[in-house]
Amino acid sequence: MKGLLVFGRTGQVATELARLVPEARFLGRDQADLTDPQACAAAIRTSGCAAVLNAAAYTAVDRAESEPDLARAINAEAPVAMARAAAELGVPFLHISTDYVFDGSGERPWDETDPTGPLGVYGATKLAGEVGVAGAGAQWAVMRTSWVFSAHGANFVKTMLRLGAEREELRVVADQHGGPTPAGDIAAACLAMLDTMRADPARGGIYHFAGAPDASWAGFAREIMTQAGLSCRVTEIATSDYPTPARRPANSRLNCAAISRDFGINRPDWRAGLAKVLQELKP
Ligand SMILES: NC(=O)C1=CN([C@@H]2O[C@H](COP(=O)(O)OP(=O)(O)OC[C@H]3O[C@@H](n4cnc5c(N)ncnc54)[C@H](OP(=O)(O)O)[C@@H]3O)[C@@H](O)[C@H]2O)C=CC1
Ligand SMILES: Cc1cn([C@H]2C[C@H](O)[C@@H](COP(=O)(O)OP(=O)(O)O[C@H]3O[C@@H](C)C(=O)[C@@H](O)[C@H]3O)O2)c(=O)[nH]c1=O
Ligand SMILES: [Mg+2]
């Protein structure tokens, strides 16, 4: 895509975007630090770009509990400044958010219009970003996704592969459910959304996008061990048996019908995405 400006260069989604659209401009932390929202806005204003995609974020869920100001600057203040600058330039702005904006109650997959209720600082700052982006006056969209994995960066798959090679047993929570999502599919879906938005300025809003089928973290871990050929046993535990600084939603399931209806983008099977990532990680 010509004229695309991306915030983020080294993250999971940014790395996959660079594979799909190497001609886009990727701004790393050295060129646009999200702790400096005005610098991010200036980068857009002077870019002459045709569309903006924010793939950078503060994603350390537990650490966010002790760094709320930093998380808020990166996840809320910077994206809002970006959206305002995109509005001034008259170009569409696509932002990425998370299942952690929900409180995890119930078992029904969340609709875009369902009430939010983040349980931790990460989710709260991501929600503040969504709200600010929506009110900034740009042509905007927010893609909420979940449980992102890829061959790059830090993610659950790579953690499981590392621990699974070292241990005979891993204890993994079985009472949190969601959709694992390959970063490559997110990158492709973002580009498809922006294409549609550029063709029709009336398009935008919040959309859910996650891999299928829904799983528990333990189920996800078991599939990782199976596909990787690791003999490590996955024992199902309760969230209460795995204490962490941040609370996480028990129900992270996202209803992805709207993005399919409005953009023709369907849920990818994460098990196929996992196979590709494992192939890529092979020495
Ligand atoms: N990871 C997940 O499981 C999920 C992620 N999401 C959302 O998807 C989006 C992409 O996430 P993902 O690709 O996994 O993210 P990663 O954690 O892989 O990467 C985060 C990116 O943000 C950059 N970044 C962090 N702080 C700053 C800063 N101060 N200034 C500039 N850049 C910064 C990082 O740069 P550097 O390498 O320099 O630190 C890195 O490129 C985010 O909006 C995230 O909230 C949604 C659901 C699940
Ligand atoms: C390593 C490990 C984790 N767990 C649990 C903890 C947690 O509930 C779950 C997943 O652990 P993680 O640390 O990978 O999860 P976490 O960092 O919370 O992942 C989240 O990241 C942010 C950025 C998002 O937006 C979310 O969609 C989600 O992907 O597995 C175990 O039960 N056993 C283990 O050995
Ligand atoms: Mg994590």
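Residues numbered from 1 in each chain as written. Chains lettered and ligands numbered in written order. Predicted model: local features only at pLDDT ≥ 70, side-chain atom pairs only at ≥ 80, totals over all residues.

The name given to the protein chain in an unreviewed UniProt entry is dTDP-4-dehydrorhamnose reductase, with the source organism recorded as Paracoccus kondratievae. Per its UniProt entry, the protein chain bears the Pathway (unreviewed entry) comment "Carbohydrate biosynthesis; dTDP-L-rhamnose biosynthesis." (UniProt positions renumbered as here; feature names shortened; annotations may be inferred.)

(A) Spotlight on the nonpolar core. Formed by 90 residues in total, the largest nonpolar core has its most connected members in Val-6, Cys-40, Ile-44, Val-52, Met-82, Ala-86 and Met-143. If one sorts the elements of this core by residue count, helix 4 (residues 68–89) sits on top with 11 residues. Here Met-82 is in contact with Phe-7, Cys-40, Ala-41, Ile-44, Val-52, Asn-54 and Phe-93, once residues within four sequence places are set aside. (Core = buried A, V, L, I, M, F, W, Y, C linked by C-beta atoms within 7 Å. Buried ≥ 20, exposed ≤ 12 C-beta atoms within 10 Å, placed from the backbone. Helix = DSSP H or I, 4+ residues; strand = E, 2+ residues; numbered from the N terminus. Contact = placed C-beta atoms within 7 Å.)

(B) Looking closely at the site of ligand 2. In the vicinity of ligand 2, 18 residues are found, and the nearest of them are Thr-59, Val-61, Thr-98, Phe-156 and Val-173. Looking at the shell around ligand 2, the elements with two or more residues in it are helix 6 (156–166) and strand 7 (169–173). Of the residues belonging to the shell around ligand 2, the class tally is 10 nonpolar, 5 polar and 3 charged. (Near = placed C-beta within 6 Å. Nonpolar A, V, L, I, M, F, W, Y, C, P; charged D, E, K, R; others polar.)

(C) Up close: the UniProt feature "domain: RmlD-like substrate binding" (unreviewed entry) in the protein chain. UniProt's entry tags residues 4–281 with the feature "domain: RmlD-like substrate binding" (unreviewed entry), counted in the numbering of this structure. Secondary structure over residues 4–281 splits into 42% helix and 16% strand, and the C-alpha atoms at its two ends are 29 Å apart.

(D) Layout of the sheet that holds strand 5 (residues 140–145). The strand order across the open sheet formed by 6 strands is 2-1-3-4-5-10, and the pairing between neighbours is parallel. Of all strands in the sheet, those with a lone pairing partner are strand 2 (25–27) and strand 10 (205–208), marking the two edges. With direction set aside, neighbouring strand axes in the sheet form an average angle of 20°. Both strand 5 and strand 10 contribute to a ladder of 4 bridges, which runs parallel. Its bridge partner lying in strand 10, Met-143 is registered against Tyr-207. (Pairing = 2+ DSSP bridges. Axes fitted to C-alpha atoms, helices over the stretch in contact; angles between N-to-C directions.)

(E) Structural context of the site of ligand 1. As a matter of local geometry, ligand 1 sits amid 25 residues, with Gly-11, Gln-12, Ala-56, Ala-57 and Val-148 nearest to it. At the level of secondary structure, the elements contributing two or more residues to the shell around ligand 1 comprise helix 1 (12–20) and strand 4 (93–98). Considering each element in turn, the shell around ligand 1 owes the most residues, 3 residues, to helix 1.

(F) Expanded view of unusual backbone geometry. A cis amide bond links Ala-212 with the next residue in sequence, Pro-213, at an omega value of -5°. Looking at where Pro-213 falls in the secondary structure, it is placed in the loop between strand 10 and strand 11 (215–216). Phi at Trp-147 takes a positive value of approximately 50°, unusual for a residue other than glycine. Relative to the helices and strands, Trp-147 is located in the loop between strand 5 and strand 6 (148–149).

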